[in-house]
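# Structure assessment
Chain by chain, the residues run as shown.
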Amino acid sequence: MTTALGPRRSPVVSVRTAPVVADAARSAGGARAVLTVVAAGVATSVQDLGRPGLAHLGVPASGPADRRSFRLANRLAGNPENTPAFEVTVGGLAVTLSESRYVAITGAPAPVTVDGVPVYDAPLVRLPAGAVLAIGRPWAGCRTYLTVSGGMEPERVLGSASRDSLTGLGPAPVGAGSRYGLGPARPVPGVPLELAFSIVPCGGPIPVRFRWGPRHELFGAADRHRLTSEPWRVSAQCDRVGARLTGGALSIGSVDLASEGTMRGAIQVPPSGEPIVFLADHPVTGGYPVIGVVTDADIDLVGQAVPGDELRLMPMR
């Protein structure tokens, strides 16, 4: 768990000030505030909580890979939980605002600077107008979330502002020079900083709970034992669609299944025998057997895992 973004030192901007009532009044009566992307990083996308309920149309749910950290960022900034925010993969995002606002930073702990000056102890930062806030490469995990008080207002597709990497639905890819209008600033709640933490993998095998089924009976007892008794390592083949695991390959033999619906957290086993854990942008159907499904509470941990991290799959009893 992390409660800060670095060693404890004096922050650049106080995070224990009063709610932003004055900012809200100015936003309502003046010109529309704008966020401008100075640098986009390796893989930054706009996300909200996605498009649930459209799988029958072939549309994935998408949304943040780490929903717990995404929701926390919006709560810290005083926004509704579904407010669009940036999902920053392995750092590199830099932004500036046309007016002073609070911004919240959660998820994978990473170095943060404002105009090149390090910011410490800062899940919530007051960013002055025109200053550049930059997020570096995380020390643990891979996905950091940044949201602004009042929220960004990107285009929505099928009711959602989530960028789906599999289908291309949603806002255009984030790039340097991208601009997003902001809603009126909101009062920032007085959340005790000791409660403002994200949970990311940090050292040792990551315990990941799952439930058997629906096709676990296609696998022999030895394979089911191997799945749960040996650690699995996240391979370099991981993205928002899923994470391929390497280890002792499972033996599924000759399986001829019709395509079936899949879901976030499904542990699919292709002919290679290396399980794939589906994440936010997973396909809505698949033809390989699903041996189990990661619990809703633990799939966010897999969404933060990086290549080389070890997972230990633990069946629910």
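Residues numbered from 1 in each chain as written. Predicted model: local features only at pLDDT ≥ 70, side-chain atom pairs only at ≥ 80, totals over all residues. Heavy atoms only, no water.

### Thoughts on helix H2 (residues 67-76)
Most of H2 is tucked away, with seven of its ten residues classed as buried. Listed as buried for H2 are Arg67, Ser69, Phe70, Leu72, Ala73, Asn74 and Leu76. With a side-chain oxygen lying 3.3 Å from the backbone nitrogen of Arg68, the N-terminal cap of H2 falls on Asp66. Among the residues trailing H2, Gly78 stands out with phi positive, at a value near 80°. (Buried < 20%, exposed > 50% of the residue type's maximum accessible area, 1.4 Å probe, protein only. Helix = DSSP H or I, 4+ residues; strand = E, 2+ residues; numbered from the N terminus. Polar contact = N/O pair within 3.5 Å; in protein donor to acceptor, adjacent residues only side chain to side chain.)

### Structural notes on the pattern of salt bridges
For the structure on display, the rule yields 15 salt bridges. For Arg75, the salt bridge identified is with Glu81, shortest N-O distance 3.0 Å. Glu81 gets classed as partly exposed once you look at its relative accessible area, which sits at 33%. Each of the salt bridges in this network shares a partner with another, and the network as a whole consists of Arg67, Arg264, Asp296 and Asp300. (Salt bridge = Lys/Arg side-chain N within 4 Å of Asp/Glu carboxyl O.)

### Quick notes on the confidence of the model for the protein chain
One rule of thumb: low pLDDT means the predicted coordinates there are not for detailed reading. Per-residue pLDDT for the protein chain averages 88, and the proportion of residues at 70 or more is 88%. Note that residues 1-28 has pLDDT below 50 and, in this model, 60 contacts with residues that lie over four places away or in other chains. (pLDDT = per-residue confidence, 0-100. Contact = heavy atoms within 4.5 Å.)

### A look at the sheet that holds strand E8 (residues 124-127)
Pairing is antiparallel in the open sheet, where five strands are placed in the order E2-E3-E10-E5-E8. At either margin of the open sheet sits one strand with a lone partner, and together these are strand E2 (43-47) and E8. Taking each pair of neighbouring strands and ignoring which way they run, the sheet shows an average axis angle of 25°. Two elements, strand E5 (residues 101-107) and strand E10 (residues 143-148), share five bridges in a ladder whose sense is antiparallel. Bridge pairing in E10 places Val103 opposite Val148. Contacting E2, strand E3 (85-89), E5, E8 and E10, H2 runs over the sheet at an angle of about 160° to E5. (Pairing = 2+ DSSP bridges. Axes fitted to C-alpha atoms, helices over the stretch in contact; angles between N-to-C directions.)

### Topic: the environment of Arg67
Examined against the element boundaries, Arg67 turns out to sit in helix H2. Along the backbone, Arg67 and Leu301 are 234 residues apart, and their C-alpha atoms lie at a distance of 9.8 Å. With residues up to four places along the chain from it excluded, the contact list for Arg67 reads Arg264, Asp296, Ile299 and Asp300. A distance of 2.9 Å separates the side chain of Arg67 from the side chain of Asp296, its partner in a polar contact.

### Regarding the nonpolar core
One finds Leu35, Val37, Phe86, Leu133, Ile135 and Tyr180 to be the most contacted residues of the largest nonpolar core, which totals 29 residues. Going through the elements one at a time, strand E1 (34-40), E3, strand E4 (93-97), E5, strand E6 (112-114), E8, strand E9 (132-135) and E10 are the ones with two or more residues in this core. Setting aside residues up to four positions removed in sequence, Ile135 forms contacts with Val88, Gly91, Gly92, Leu93, Ile105, Ala110, Pro111, Val112, Thr144 and Leu146. Counting 23 residues, the second-largest nonpolar core is a separate cluster that includes Leu250, Ile252, Ala305 and Leu311. (Core = buried A, V, L, I, M, F, W, Y, C linked by side-chain atoms within 4.5 Å.)

### A closer look at unusual backbone geometry
For the peptide bond that leads from Gly213 to Pro214, omega is 10°, which places it in the cis range. On the secondary structure map, Pro214 appears in the loop between strand E12 (206-212) and helix H3 (221-229). Phi at Ser62 is positive, roughly 60°, even though this residue is not glycine. Topologically, Ser62 is positioned in the loop between E2 and H2. Relative accessible area serves as the criterion here: at 5%, Ser62 is assigned to the buried category. Residue Asp115 is not a glycine yet carries a positive backbone phi of 50°. Mapped onto the fold, Asp115 is located in the loop between E6 and strand E7 (117-119). Residue class for Asp115 comes out exposed when judged on its relative accessible area of 53%.

### A closer look at the sheet that holds E12
As summarised here, the arrangement of the seven strands in space is E12-E19-E16-E17-E14-E13-E20, forming a closed barrel in which the pairing is mixed. Strand-to-strand twist in this sheet, taken as the mean axis angle between neighbours without regard to direction, amounts to 40°. Bridging between strand E13 (residues 232-238) and strand E20 (residues 310-315) involves two bridges; their strand directions are antiparallel. By the bridge assignment for E20, Trp232 is matched with Leu311.

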